[in-house]
Amino acid sequence: MQTDNSNGAAQPPATPFDWIGGESAVLALVERFYDLMELDPAYRELRASHGASLDEARQKLAWFLTGWLGGPQHYVERFGHPRLKMRHMPFKIGIVERDQWLACMDQAMAETGVPAALRQRLQQSFFQTADWMRNQPGA
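Per chain, residue numbering runs from 1 following the sequence as it is written. In keeping with the model being predicted, local features are shown solely for residues with a pLDDT of at least 70 and side-chain atom pairs are shown and tallied solely at 80 or more, while totals for entire chains, interfaces and linings include all residues. Side-chain figures throughout are based on the complete set of non-hydrogen atoms in the structure, without hydrogens or water.

A. Up close: helix α8 (residues 116-133). In this model α8 runs 25 Å from its N-terminal to its C-terminal C-alpha over 18 residues, within 8% of the 26 Å that 1.5 Å per residue would give. When α8 is considered as a whole, its buried residues turn out to be Leu-118, Leu-122, Phe-126, Ala-130 and Met-133. Buried residues of α8 fall within an arc of 85° about the axis and therefore sit on the same side. Helix and strand definitions follow DSSP, with helices as H or I runs of at least four residues and strands as E runs of at least two, each counted in order from the N terminus. Take the residue count of a helix, subtract one, and multiply by 1.5 Å to get its expected span. The cut-offs for exposure are 20% and 50% of the maximum accessible area for each residue type, with area from a 1.4 Å probe on protein chains only; residues under the lower value are buried, those over the upper are exposed, and the others partly exposed. Starting at the helix axis, one direction is taken to each C-beta atom, and the arc is that of these directions.

Okay, structure coming up:
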């Protein structure tokens, strides 16, 4: 979805949230991400780091991404500041988990039709955050 400026040139929407297609698109992305994590053996270590049920993780990631992309701040309204690193300390996050998270999210973005230019921007942001979240030295 793109808008025209006064010169008739196409511009991306104001926020990544608008660009991705709003809350329903974020939810579809998150659902596909966790479905892939459960179904694809390539994401085995990532899935193992999430515990028995993914229900709470699905909901929290959808709320978080909605706000992070520029939409309603559902996560912050419920839990306050995300404090991502602190909240993820109980989970083993090494290079394998980071790389599987990034690959799984990239696959989910591709399969849910995230526009290529937005997907590239998000890949860069996701890598920076995922790498910062590692809590296993050298792993």
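B. Examining the pattern of salt bridges more closely. Note on definitions: salt bridges are taken to be side-chain nitrogens of Lys or Arg within 4 Å of carboxyl oxygens of Asp or Glu. In total, this model carries 11 salt bridges according to the counting rule given. A salt bridge links Arg-58 to Glu-31, with the nearest nitrogen and oxygen atoms 2.8 Å apart. In this pair, Arg-58 sits in helix α4 (residues 55-68) while Glu-31 sits in helix α2 (residues 23-39), placing the two residues 27 residues apart along the sequence. Note on Arg-58: relative accessible area 11%, which makes it buried. Asp-35 is paired through a salt bridge with Arg-58; the nearest N and O atoms lie 2.9 Å apart. Here Asp-35 is found in helix α2, whereas its partner Arg-58 is found in helix α4, with 23 residues between them in sequence. A single salt-bridge network, built from bridges that share partners, covers Glu-31, Asp-35, Glu-38, Arg-47 and Arg-58.

C. Region of the structure containing the packing of α2 against helix α7 (residues 95-111). Two elements in contact, α2 and α7, have axes separated by 8 Å at closest approach and are oriented at 130°. Classified by the interaxial angle, the pair formed by α2 and α7 is oblique. Between α2 and α7 the crossing geometry is right-handed. From α2, Leu-29, Arg-32, Phe-33, Leu-36 and Met-37 reach across to α7, where they touch Trp-101, Cys-104, Met-105, Gln-107, Ala-108, Met-109 and Glu-111. Its residues placed into classes, the contact of α2 with α7 shows nine nonpolar, one polar and two charged. Angles run from 0 to 180 degrees between N-to-C directions of axes, and those axes are lines fitted to C-alpha atoms, restricted for helices to the stretch in contact. For classification, angles of less than 35 degrees are called roughly parallel, those exceeding 145 degrees roughly antiparallel, those between 65 and 115 degrees roughly perpendicular, and all remaining angles oblique. Helix crossings get a hand from a simple test, with the near helix turned counterclockwise from the far one by less than a right angle marking a left-handed crossing and a clockwise turn marking a right-handed one. We call two residues in contact when some of their heavy atoms are within 4.5 Å. Throughout this entry, Asp, Glu, Lys and Arg are counted as charged residues, while Ala, Val, Leu, Ile, Met, Phe, Trp, Tyr, Cys and Pro are counted as nonpolar. The remaining residues, Gly among them, count as polar.

D. View of the packing of α2 against α4. Following both chains from N to C, one finds α2 and α4 inclined at 140°, their axes separated by 9 Å at the closest point. Considering the angle they form, α2 stands oblique to α4. Read as a crossing pair, α2 and α4 show a hand that is right-handed. Contacts between α2 and α4 involve Glu-23, Val-26, Leu-27, Val-30, Glu-31, Phe-33, Tyr-34, Asp-35 and Glu-38 on the former and, on the latter, Ala-57, Arg-58, Leu-61, Ala-62, Leu-65 and Thr-66. For the contact of α2 with α4, the residue count by class is nine nonpolar, one polar and five charged.

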